[in-house]
Amino acid sequence: MSVITEPTDLLRRQDPQMADVLAGEARRQAGTLQLIAAENFTSPAVLTALGSTLANKYAEGYPGARHHGGCEYADLAERIAVQRATALFGAAHANVQPHSGSAAVLAAYAALLRPGDTVLAMGLPSGGHLTHGSPANFSGRWFDFVPYGVDARTGRIDYEQVQELAHANRPKAIVCGSVSYPRHPEYSAFREIADEVGAHLIVDAAHPIGLVAGGAAPSPVPYADIVCATTHKVLRGPRGGMILCGEEFAERIDRAVFPFTQGGAQMHTIAAKAVAFGEAAGTGFTSYAHRVVANARALADALAARGFAVTTGGTDTHLITADPAPLGVDGPTARGRLAAAGIVLDTCALPYGDQRGIRLGTAAVTTQGMGEAQMGRIAELFTAALSGGEPVKIRGDVNELVVGFPPYGDE
């Protein structure tokens, strides 16, 4: 029996309706191509920690200074997670309590800014995150965001524009990070610009942090005042966030997380984060991270060869953004047709006009064991789905591909 194919007998007896939901989701994950750039498959060990008795423990505060009794094992779990995170990323301090990447960014802003402060960040049309100034988000309501963008021709960050905007607006902080930028940012350039105008540098490394852990991407830690990240995506941990910083900002970050923006820590999730950090420290994860990038590059090349307009001409990371317009469809239409064929991905803003393209990533399929040969096959399936192919036929082809690469092997 697959590790996640069927819920436990206990759940089936106690709540068959929810058991059916979980079984259905397990079948969906195993039977379709998972190409959402922000998703991955955790290990069974991570899943075990998530379902552990630490889910029962209330542990407001930090190790050695909790507001509840009985925290000796909660303290140990968090200390292990912090120790592993600082060692893995070479940071002086880590806070592993943020419930999400957005919560980590909120805490970073709370530690360094006051409402009304000016912040320079990548604009949403260029790939910035909601927490980088969206008017629908707390960031856009509380702070004065000035957006920088990418060159419309190359799709690359325009560092001259960043420098000019920084000098013109004198921001309190500069945010480096994106949800759809497929290249490595030049952290040293951002650091230099921040220093020129006396700004803090916050790196939102939610997407590349797993590649950083595996040595497949440059680390922002030596350059940033604060690094915010998620523990899922390429890192293959549980849904959650973390913050890395130097000793100078450690106390401010901890106070910004608790008690300012969050209450009790989710100790089962922190234990699962610790498991993921331990896994990422192994040599096997280094190989995995580099295979993720190799697969992304192979898939980007294969899509370009079939007519997709791949932004920036390729990728350095796990994610690809592309315009399917040369195939006669826009991003939302492409997403719908691909979904009907069993291929799951996102849409994203494109760095020109008002069009939306597609965003996909190779972290999950690489975890399943797929390689560059399978990336070529995936590109073929894309083309068939967007060129009027029969969805039922293509879905059968997708199933034929994924059945050989189950996300969780048999016990």
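In this report, the structure presented in the accompanying data block is examined.

Calculation notes
Residues numbered from 1 in each chain as written. Predicted model: local features only at pLDDT ≥ 70, side-chain atom pairs only at ≥ 80, totals over all residues. Heavy atoms only, no water. Helix = DSSP H or I, 4+ residues; strand = E, 2+ residues; numbered from the N terminus. Contact = heavy atoms within 4.5 Å. Salt bridge = Lys/Arg side-chain N within 4 Å of Asp/Glu carboxyl O. Buried < 20%, exposed > 50% of the residue type's maximum accessible area, 1.4 Å probe, protein only. Core = buried A, V, L, I, M, F, W, Y, C linked by side-chain atoms within 4.5 Å. Expected span 1.5 Å × (residues − 1). Pairing = 2+ DSSP bridges.

Structural notes on the environment of His268
One can find His268 in helix α11 (residues 267-280). When the C-alpha atoms of His268 and Thr383 are compared, they prove to be 42 Å apart, with 115 residues separating the residues in sequence. Beyond its immediate sequence surroundings of up to four residues, His268 is in contact with Ala49, Leu50, Ser52, Leu54 and Ala55.

Remarks on the side chain of His200
The residue His200 is located in strand β9 (residues 200-204) in this model. Sequence-distant contacts of His200, that is, excluding residues within four places in its chain, are made with Leu112, Lys172, Ala173, Ile174, Asp225 and Phe249.

Examining the pattern of salt bridges
The full count for this structure, using the stated rule, is 15 salt bridges. Of the charged contacts, one joins Asp117 and Lys172 as a salt bridge, the two residues approaching to 3.7 Å between their closest N and O atoms. Of this pair, Asp117 sits in the loop between α5 (101-112) and β6 (118-122) while Lys172 sits in the loop between α7 (159-169) and β8 (173-176), placing them 55 residues apart in sequence. With a closest N to O distance of 2.9 Å, Arg359 and Asp346 form a salt bridge. One end of the pair, Arg359, is in strand β17 (residues 356-361); the other, Asp346, is in strand β16 (residues 346-349), and 13 residues separate them in sequence. We note that Arg359, like Asp346, is buried. If you follow the salt bridges from partner to partner, you end up with Arg306, Arg377, Glu380, Lys393 and Asp397 in one network.

Some remarks on the nonpolar core
Counting 65 residues, the largest nonpolar core has Phe89, Ile157, Ile174, Phe190, Ile209 and Leu235 as its most contacted members. Counting residues per element, this core draws most heavily on α11, which supplies eight residues. Discounting chain neighbours no more than four positions away, the residues touching Ile157 are Met122, Tyr148, Gly149, Val150, Val162, Tyr181 and Phe190. Listed in part, the 34 residues of the second largest apolar core include Ala322, Ile343, Met375 and Ala379.

A few points about helix α10 (residues 247-261)
Note on helix geometry: an α-helix contains 3.6 residues per turn, so any two residues three or four positions apart are oriented the same way. Compared with an ideal rise of 1.5 Å per residue, which puts 15 residues at 21 Å, α10 spans 20 Å between its outermost C-alpha atoms and is within 8% of the ideal. All of the buried residues along α10 are Phe249, Ala250, Ile253, Asp254, Ala256, Val257 and Phe258. If you follow the buried residues of α10, they end up packed against β3 (61-62), β5 (93-95), α5, β9, β10 (226-230) and β11 (241-245).

A word on the pairing of β8
Residues Ala173 and Val175 line one face of β8 and the alternating positions Ile174 and Cys176 line the opposite face, and both faces are buried. Relative to β8, β6 runs parallel, the two sharing two bridges. Bridging from a neighbouring strand, Val119 pairs with Ala173 of β8. Bridge analysis of β8 against β9 gives four bridges, and the strand direction is parallel. Each residue of the ladder has a partner; that of Ile174, found in β9, is Leu201.

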